[in-house]
Amino acid sequence: MMDRRKILKSGAVVAAAAALPMPAIAQSPKKITFLTWNIIDTADIINGWIARFTKDRPGVEVEWQDKKGPELPTFYQTQLAAGTPPDIINTQGALGLEYAGQGALLDITSRLKADAGYGNGFNQNYLGNWVYEGANYMVPFYLTKTVLFWNKTMFQKAGLSGPPQSFDDIIAYAEKMKSADSTGFLTLNFDWLYWPLYAMNGVDLLSTDLKTTAFNTPKAIEVTERLAKATESGAINKISWTGRWVEPNGAFAAGNVGMLHAHAPAYFYVKGQGKWVTPETLGATHVPGSFATPNSHGLGISKGSKNPDLAWDFLKFITNEAQIGEFARLRKLVTGNTAFDTKHFAELDKSDPFVAALLRTQLEHTDKMVGNWRLGNDSRVKEAFWPELQNVMLGRKDAKTALADADKKVQRELKRA
Amino acid sequence: MRTKPLSIVLRHGALVIVCFIMLVPFYWVIKTSITNENIYAYPPRLLPEAPHLFNYVDVWYFIPFARYLLNSVIVSAIAVAGNVVFNAMAAYALTKHFVGKQSVMLLFLSCMLVPFQATIIPAYLITAKLGLLNTYLGLALPLMSTIVCIFIYKAAFEAVPQSLIDAARVDGLKERQVILRILMPLSKPAVATNVILAFIWSWNAFLWPLIITREPIMQTLPLGLARFLSYLEDTTGALYAFAVMVLAPSIFVFLMAQKEFIRGLTSGATKG
Amino acid sequence: MNTRTRSFTPWYQRKRTRDIALVACFLLPSLAIFFLYRILPLLWNLVLSFEYWSPLKPAKFAGLDQYREIFLEDDVFWQSLTNSLAFVAAAPFAIALALGIALLVNSDLKGASVYRAIVFISYPLMSVAVGIIWKWLYDERGGIINYALRSAGLVTKPIPFLQSFDYALPSVIVAEVWQVIGFYMIILLTGLQSVPPHLYEAASVDGVPRWAQFWRITLPLLRSSLFLCAVIGILNSFTSFDLIYVMTGGGPGHATELLVTHIYKTGFGQTRFDYAAALTVVQFILLLALTWLANRAAGGNAGAHDTGRA
């Protein structure tokens, strides 16, 4: 055994000697890197921020990198391994917490406290989404949570007067609107976005201390069975359990799906593709119980940053109204900076009242956000749970077995951490 | 001519069916690239309505197309040159008999079996160590010799009759001359295949350039893809136009190189 | 024992030495590249697979724990292995098809070069684009395949190809074959081109019928090309990453998960590089075994065809 370990160690040394030393990218003392998540189309604005930021700071250089969602983690992990993580990082969903759990992010709790005016300017519920084990790791960049879009024309045709008021309504309405070429309900599924369907039935995934599972209950089984049955009958569109972004939104935009449960930006996508979309034909509202799953973008600082103070300055600079406002006005989104958002919504009331109303929903009922467990291993829990749920929704397993199997797998992941 | 008309018709028939299957998806790519239709609409529209070329123009301006194109051309040229030369050398060595040949072959084969996705982190660290991050050579290096192409050369070299090589040696040709004057000219299809495949692989490489380029000015064409998978806008039309524009050079290289695949015709091998 | 005959030439001038030096020099560039980008990374994975590690965390010895988890606890591993093998099983059909096409377009048929180009056209297309377009072709509502099936009255209810556990894997395999068939074709064409024409001429003079020429001349001489196709087929079956990632992401459930997507997801998605490394090692050993089998099936000697020399 000793021998084997020795061999292994020397192997590790060889591999390390050949591979591990620091790469050649020299970080000049005043250079910071800003990594964003798929916003390459706003290059003009971001380059403008960098120009303004560096103008008053001689010798400071900001490098901007943008990567798409599927590749950003690969890029970031590679940079972490090389010891050159980007100083400021923009992540979506629970990834920020995951990186915090991995020890990659800087704890910014004390910085937020020291600068109370800055921290308190944010919607506190959203800010709280990036609290891991009692410490803050990210601030809001731009925020979203799920809402229910409904196709008013299809509702009218089916003799329905308004959006559903309960889970029963959702299923019943969906059944009413389905036909050979249309379905009644569609939800996005990535990053727990479907969780409000469970939350409105009083089902939670984990215990409040996040130490054990809470979903293997008769109620959860019943809800799952009903969703699966409605999927089987065609009332719920199957894309709900297989698509990601383009397919579900594209399907709803085609005009033959009654309801779409998605986060607010889906509107812009749907409007871009669906010629039928007007305030008269499309409604957006809270789901029954006003639950919603956030899928926000946050900004954090890498613990490996050589210039954390400069990075913090930059982070504050871009989340300042003068900068983030430009971005928010262009893309019509919510920043979590309460003062600015209020002003922005008032402007939108005049130019685009529908969007103003839609964005307001994003700051309502923020105490009812679900699917945002403060886990450092969210992706593993998701990977343990989601395929089992898919098994039920697509008719391969019955709800009881699948949830029991999922329970075992999720428990295992919780224990591993 | 021994070939009967019926057999010619059958052969054309079979090829037409195959080509139809190959082309239907392409038709859709091109159709979508010249319209801005919602491809999820039912029933699908078979003919393009109000076709236009705006998407192609958009692609040119959405990304620094000319710069990316230049980078891609340089990287692919390095990779192609590397493959044509290094692979020929390695393949020639493998036609010789030497101690440990079986082990080298096995090593080459097993190198093929390491999936790139599992090598990203170490490959990055090694490239950094070599000081090649963010350089053309760093982009091309992992693709400068490929095992498949070595085996293609090897098979071609082995098909050259030994008598020809022996005769050349008797005439006093040196090793180098045997390769350059006998083997390579007789293995033109293999050279062409090396060029085509090396070009395609380096041209379409996505994850590797994404990981090792830092400055936008060093990015290759496929990285432009990100611009067309936007979160908010529907850029399907531009995305497909982009795919066509990235594809075009590969097709061009194939058409140029495929001249080497018509030896059968000129030498009358199949005329019967 | 031969020293006596050679004792008058110093070792560095001997033909044998020079041959070895030549072989070594010629192999060097390729070997260097493979060493840096294949062998070292493989060793990295091998070392990592016996540790607990993630970037930023110091490595801890894990013994065989990662391997234990793969074989005893990870049902996704078994599922993706089965899927990869289903892919492998489809490869011979694709290669046979490609051989048929290659024979057809390697002739004096009018327009052969056009057919060749069309069959090849799918291979240089970016895999991401192939994935996007096939995803749409298979779409339950707007996709052309369902439209065709419904218009022809073959089905009353559209088939959710990529959303169903039964159809998803075969559908992905078809898309993969569609993309890669031009690649097989070009390798087989290269092989066909190196068959010396005089062999056919001689056979024709002897009155050997065409089909017999195919069995007795073409196939044996194509052995190394076919072996290459088989290896690539096996390899693609295990590593069709982009296509799967775009079309299904491995789903529904894990119905189209391959080992390589599983490796990528556990590594970069769940920050379990140590476990992903162990999976990589297991996949490597499996592929090695399969390649060895393919080599045996092709008659050994890793694809060399000695018949060509004579």
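Criteria and thresholds
Residues numbered from 1 in each chain as written. Chains lettered and ligands numbered in written order. Predicted model: local features only at pLDDT ≥ 70, side-chain atom pairs only at ≥ 80, totals over all residues. Pairing = 2+ DSSP bridges. Helix = DSSP H or I, 4+ residues; strand = E, 2+ residues; numbered from the N terminus. Axes fitted to C-alpha atoms, helices over the stretch in contact; angles between N-to-C directions. Contact = placed C-beta atoms within 7 Å. Nonpolar A, V, L, I, M, F, W, Y, C, P; charged D, E, K, R; others polar. Domains from an automatic or database assignment. Core = buried A, V, L, I, M, F, W, Y, C linked by C-beta atoms within 7 Å. Buried ≥ 20, exposed ≤ 12 C-beta atoms within 10 Å, placed from the backbone.

### A short note on the sheet that holds strand β3 (residues 88–92) of chain A
All names here are of chain A. What the five strands build is an open sheet, ordered β2-β1-β3-β11-β6; its pairing is mixed. Since the sheet does not close on itself, it has two edges, and those belong to β2 (61–67) and β6 (139–142), each with one partner. Adjacent strand axes in the sheet meet at a mean angle of 25° when their direction is disregarded. Pairing between β3 and strand β11 (residues 297–301): five bridges, direction antiparallel. By the bridge assignment for β11, Gln92 is matched with His297. In this fold helix α14 (residues 308–318) packs onto β1 (31–37), β2, β3, β6 and β11, with an angle of close to 155° to the strand it touches most, β11.

### Regarding the interface of chain B and chain C
Opposite the 80 residues of chain B that make contact, chain C presents 83 residues. At the level of elements, α1 (5–33), α3 (65–95), α4 (101–112), α5 (120–129), α7 (147–159), α10 (188–204), α12 (236–257) and α13 (263–266) of chain B are the ones that each hand at least two residues to the side of chain B that touches chain C. A per-class count over the side of chain B that touches chain C returns 60 nonpolar, 14 polar and six charged.

### Overview of the interface of chain A and chain C
Across the contact, 29 residues belong to chain A and 26 residues belong to chain C. Where the side of chain A that touches chain C is concerned, the elements lending two or more residues are α1 (2–19), α3 (72–82), α4 (95–102) and α18 (378–393) of chain A. Looking at the side of chain A that touches chain C, the element that brings in the most residues is α1(A), giving seven residues.

### Some points on the domain arrangement of chain A
Residue and element names in this part refer to chain A. Entries for chain A in the domain assignment read domain 1 (9–143 + 296–358) and domain 2 (146–293 + 377–416). The straight-line distance from the C-alpha centre of domain 1 to that of domain 2 is 30 Å. If you list the elements that add at least two residues to the side of domain 1 that touches domain 2, you get α4 and α17 (353–363). When residues in the side of domain 1 that touches domain 2 are grouped by element, the largest group, three residues, is from α4.

### Structural notes on the nonpolar core
Nonpolar side chains in soluble globular proteins tend to be buried together. If you look at the biggest cluster of nonpolar residues, it comprises 302 residues, and the most contacted ones within it are Phe149(A), Ala243(B), Tyr184(C), Met185(C) and Leu188(C). Both domain 1 (9–143 + 296–358) and domain 2 (146–293 + 377–416) of chain A contribute no fewer than three residues apiece to this core. For Met185(C), the contacting residues outside a window of four places in its chain are Ala98(C), Ile101(C), Ala102(C), Val119(C) and Phe120(C).

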